[in-house]
Amino acid sequence: MKRTQSSNRLVQWIDDRLPIFSYADQNVIAYPTPKNLNYWWNYGSIAGIILVIMLVTGIFLAMNYQPHADVAFASVERIVRDVNYGWLLRYLHMNGASMFFIVVYIHMFRGLYFGSYKAPREILWMVGVTIYVAMMATAFMGYVLPWGQMSFWGATVITNLFSAIPLVGDYIVTWIWGGFSVDVPTINRFFVWHYLLPMILVMLVVVHLWALHVHKSSNPLGIDIKTPQDMMPFHPFYTIKDLYGLGLFMIFFLFFVFFYPNFFGEADNYIPANPMVTPPHIVPEWYFLPFYAILRAIPDKLGGVVVMFAGVLILYVLPWLDTSKVRSATYRPIFKQLFWIFLLNCILLGYVGAQSPDKELLGMSMTFWGRLATFYYFFHFMVLLPLVGKLEKPKPLPSSIYEEVAKKCRAKED
Amino acid sequence: MTDNPTNNPEEMDGNRRDFLLISTTTLGVAGVALAAWPFIHSINPAKDVLALASTEVDLSSIEVGMAITAMWRGKPVFIRHRTAEEIQAAEDVDLGELRDPQADADRIQQPEWLITVGVCTHLGCIPSGQSIGDARGDFGGWYCPCHGSHYDTSGRIRKGPAPFNLPVPPYAFTDDTNIVIG
């Protein structure tokens, strides 16, 4: 292990016993980073900072929230009306969830475009998918806690997914509920999970970073780091770049918090939960809509649930479905087009998920579009990616990051 | 790491860089400190808690020599209808022998009504002496069972570890037999 560069005797004394200073130096300060990272590489650090914002606002909200079916709704209203700056904490937390998903989706599509999931970063990617799954579980249970109509019926519908499991499904649902409907025990345990899962999320993020720091960041060219000339120290170059991006992102985030705090929410969630009446139009939060569309596309209860979960879990095997050795879409002309079609298809799925099934688009029913988009979603992963990797002729790759960066610099100077 | 023109110390304008670094850091630290305030303030008493900060008590049913305990801000308030002997005992004390010198007249609005917060000033236990038959200590007022503090009939500390007299809460008589505490 490298010794700390500091000449401070106390720093040296501590570092000799607990190498926090040399560790920070190796992983944050002098940490070698590819020279050519663009702004799409900002979203990892932004996601980390949102996680911190969610943890801090969540901890302070929990000091005033009461996870009991009788008073949960009122306690959230009390936070917004009576608790000092409670409105700020709640709206930061509420919109922070949407922001977290926006950022993580951009981060994931960055990975898809630039082939960040390919060897030797498969486990890094898989840990990332696990973080995504943990995020979805956390977000779902958080949405239940205000105990409005959408909370209650969202909880009812999502937990009922497990009733599709043959033979034991009903028992599992009863076990999840702690009763015969979503009720007092359910909100209590959801609160516990909603508080616990983010701690697990933090540990997963540590593992994600651990794996990242083994082979370092991928980069827009998708070629390996070969010489020290390909790299820059993380600080100050990327700390500043990340902070700049964070500043822009915070403007976007706080715009919603201060001016449209309920933009991402459903008005019905300001009606207290009523186990006797289901709202006429029930949709999940926007970040679940594509998967909700997949669920509705399959005309069979168990089949829909299986295919929906498969839609998420297929990401785990993505590194082996994509047979191309070339990482970056920049050098893969066909894959590049398929990437954009896939992105549009995901947006179509999200759109279909938000509409009621009997509505029409371009003369065809939403059910049709949902089935088409669901088919294409899996077709992309299971047929196109393996085939294109074999058939496509990639463009010639640059020989090194350094040369490519130098070429760009010279072009700019001329 | 190498060959990076901006990383070459000769080409850097040291003073300008220092200025930018220090001003940016200062602004950043100030921003974080400001952002911390809503979080710190959120766990102060909320508006609904402050709204419950006063309590009304009807004194008409309290006979001479009896006491009741009212609840104010989550704490017990001792209201004792003092006997003539108790008032006399409280007034006759030489202030010089008190740990926390205070005349009985400064602790009351009407001599027969002694109203104090019923929390021992040592470590927050509730002294006994509200009911007839309770231990009232050596001075006929209250006795704290936790660490043995004795209070007199004016709620003043006379013996034991407590440093101060039982505090008198802000209160006002709305008429002859009703008070508002807080």
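Counting restarts for each chain, with residues numbered from 1 along the sequence as it is written. As a convention, the first chain written is A and the first ligand written is 1, with the rest following in written order. Residues qualify for local features only when their pLDDT is at least 70, as the model is predicted, and side-chain atom pairs are given and counted only at 80 or more; totals for whole chains, interfaces and linings, by contrast, use all residues. The side-chain values count all of the structure's non-hydrogen atoms but skip hydrogen atoms and water molecules.

### Observations regarding the overall build of chain A
Reasoning step 1: When helices and strands are counted, chain A shows 16 helices and 4 strands.
Reasoning step 2: Only C-alpha atoms enter the radius of gyration, while the globule expectation follows 2.2 Å times N to the 0.38, with N the number of residues. Relative to the 2.2 N^0.38 estimate, which gives 22 Å for 414 residues, the radius of gyration of chain A is 24 Å and therefore close to what a compact globule would have.
Reasoning step 3: For the C-alpha atoms alone, the extent of chain A along its principal axes is close to 70 × 60 × 45 Å.
Reasoning step 4: A burial count over chain A gives 50% of its 414 residues as buried.
Reasoning step 5: Here, residues are in contact when the closest pair of their heavy atoms is within 4.5 Å. Sequence-distant contacts, at least 24 apart, represent 78% of the contacts inside chain A between residues at least 6 apart.
Reasoning step 6: Note on areas: these come from Shrake-Rupley sampling with a 1.4 Å probe, and a residue is covered only by the protein chains present in the view. Accessible surface for chain A amounts to roughly 21000 Å². Of this, 71% is attributable to carbon and sulfur atoms.
Reasoning step 7: When charges are counted, neither His nor the chain ends are considered; positive counts come from Lys and Arg and negative counts from Asp and Glu. The atoms used to mark charge sites are NZ of Lys, CZ of Arg, CG of Asp and CD of Glu. Side chains of chain A give 30 positive and 24 negative charges; the mean places of these two sets differ by 9 Å. For helices the rule is a DSSP run of H or I covering at least 4 residues; for strands it is a run of E covering at least 2, with both sets numbered from the N terminus onward. A 1.4 Å probe rolled over the protein chains alone gives each residue an accessible area, and that area as a share of the maximum for its type sets the label: buried under 20%, exposed over 50%, partly exposed in between.

### Brief notes about the environment of arginine 107 of chain B
Residues and elements named next belong to chain B.
Reasoning step 1: In this fold, arginine 107 is placed in the loop between α3 (84–91) and β4 (113–117).
Reasoning step 2: For arginine 107, a relative accessible area of 2% translates into the label buried.
Reasoning step 3: Between the C-alpha atoms of arginine 107 and glutamate 85, which are 22 residues apart in sequence, the distance is 17 Å.
Reasoning step 4: Contact partners of arginine 107, with chain neighbours within four places excluded, come to Gln102, Leu114, Thr116, Ser154, Gly155, Arg156, Asn165, Leu166 and Val168.
Reasoning step 5: One polar contact links arginine 107 to glutamine 102, side chain to side chain, over a distance of 2.9 Å. Contacts described as polar in this section are N or O atom pairs within 3.5 Å, which, within protein, must combine one atom able to donate a hydrogen with one able to accept it, while residues neighboring in sequence count only if both atoms come from side chains.

### Remarks on the packing of helix α11 (residues 289–297) of chain A against helix α14 (residues 333–354) of chain A
Residues and elements named next belong to chain A.
Reasoning step 1: Axes here refer to lines fitted to C-alpha atoms; in helices the fit is confined to the stretch in contact. Angles between the N-to-C directions go from 0 to 180 degrees. Two numbers describe how α11 lies on α14: the axes approach to 7 Å, and their chain directions differ by 70 degrees. Here α14 runs roughly perpendicular to α11, going by the angle between their axes. In this structure, α11 contributes Leu289, Pro290, Tyr292, Ala293, Ile294 and Arg296 to the contact, and α14 contributes Cys346, Leu349, Gly350, Val352, Gly353 and Ala354.
Reasoning step 2: Nonpolar residues are Ala, Val, Leu, Ile, Met, Phe, Trp, Tyr, Cys and Pro. Charged residues are Asp, Glu, Lys and Arg, and all others, Gly as well, are polar. Looking at the contact of α11 with α14 residue by residue, the class counts come to 9 nonpolar, 2 polar and 1 charged. Our angle categories are set so that under 35 degrees counts as roughly parallel, over 145 as roughly antiparallel, 65 to 115 as roughly perpendicular, and the remainder as oblique.

### Concerning the state of the cysteines
Residues and elements named next belong to chain B.
Reasoning step 1: Note on disulfides: each one is a pair of cysteine sulfur atoms within 2.5 Å. Under the counting rule described, the total for this entry stands at 1 disulfide over all chains.
Reasoning step 2: Here cysteine 125 engages in a disulfide with cysteine 146; their sulfurs sit 2.0 Å apart. The disulfide joining cysteine 125 to cysteine 146 has a torsion of about -95 degrees about its S-S bond and is therefore left-handed. Of the two residues, cysteine 125 sits in the loop between β4 and β5 (140–144) while cysteine 146 sits in the loop between β5 and β6 (149–152), which places them 21 residues apart along the sequence.
Reasoning step 3: Classification of cysteine 125 as partly exposed rests on a relative accessible area of 21%.
Reasoning step 4: By relative accessible area, which is 37% here, cysteine 146 ends up partly exposed.
Reasoning step 5: The thiol of cysteine 120 is unpaired, and the distance to the nearest cysteine sulfur, on cysteine 144, comes to 3.8 Å.
Reasoning step 6: Here cysteine 120 falls in the buried class, since its relative accessible area comes to 4%.

### Description of the packing of aromatic side chains
All names here are of chain A.
Reasoning step 1: Stacked, edge-to-face and tilted are the three classes for Phe, Tyr and Trp ring pairs, Trp counted by its six-membered ring, which pair at centre distances within 6.5 Å; planes under 30 degrees apart are stacked, over 60 edge-to-face, the rest tilted. The final tally for this structure, using the stated rule, is 46 aromatic pairs over all chains.
Reasoning step 2: An angle of 70 degrees between the planes, with centres 5.6 Å apart, marks the rings of phenylalanine 140 and phenylalanine 190 as edge-to-face. With phenylalanine 140 in helix α6 (residues 122–144) and phenylalanine 190 in helix α9 (residues 184–215), this residue pair connects regions lying 50 residues apart in the sequence.
Reasoning step 3: On the numbers, 6.4 Å between centres and 65 degrees between planes, the contact of phenylalanine 191 with tyrosine 195 is edge-to-face. A residue pair is termed a helical-turn pair when its members lie 3 or 4 positions apart in one helix, as phenylalanine 191 and tyrosine 195 do in helix α9 at 4 residues.
Reasoning step 4: Looking at tyrosine 195, the relative accessible area reads 35%, which means it is partly exposed.
Reasoning step 5: Geometrically, a charge over a ring is one whose NZ (Lys) or CZ (Arg) sits within 6 Å of the ring centre while staying within 35 degrees of the ring normal. Directly above the ring of tyrosine 39 sits lysine 241, whose terminal nitrogen or CZ lies 4.4 Å from the centroid.

### Considering the interface of chain A and chain B
Reasoning step 1: Each side of the interface is counted separately: chain A has 24 residues, and chain B has 18 residues.
Reasoning step 2: Note: buried area is the sum, over both parts, of the accessible area (probe 1.4 Å) each one loses when the two are combined. Roughly 1700 Å² of surface becomes buried between chain A and chain B when both sides are summed, with 60% attributable to carbon and sulfur atoms.
Reasoning step 3: For chain A, the biggest contributors to the area lost against chain B are Asp82, Asn84 and Tyr85 of chain A; these three give 31% of the whole.
Reasoning step 4: Every case where a carboxyl oxygen of Asp or Glu lies within 4 Å of a side-chain nitrogen of Lys or Arg is listed as a salt bridge. Linking chain A with chain B are 1 salt bridge, by the criterion used here.
Reasoning step 5: A salt bridge links aspartate 48 of chain B to arginine 78 of chain A; the shortest N-O distance between them is 2.4 Å.
Reasoning step 6: Put simply, chain A and chain B have 5 residue pairs in polar contact (both at pLDDT 80 or more) between them.

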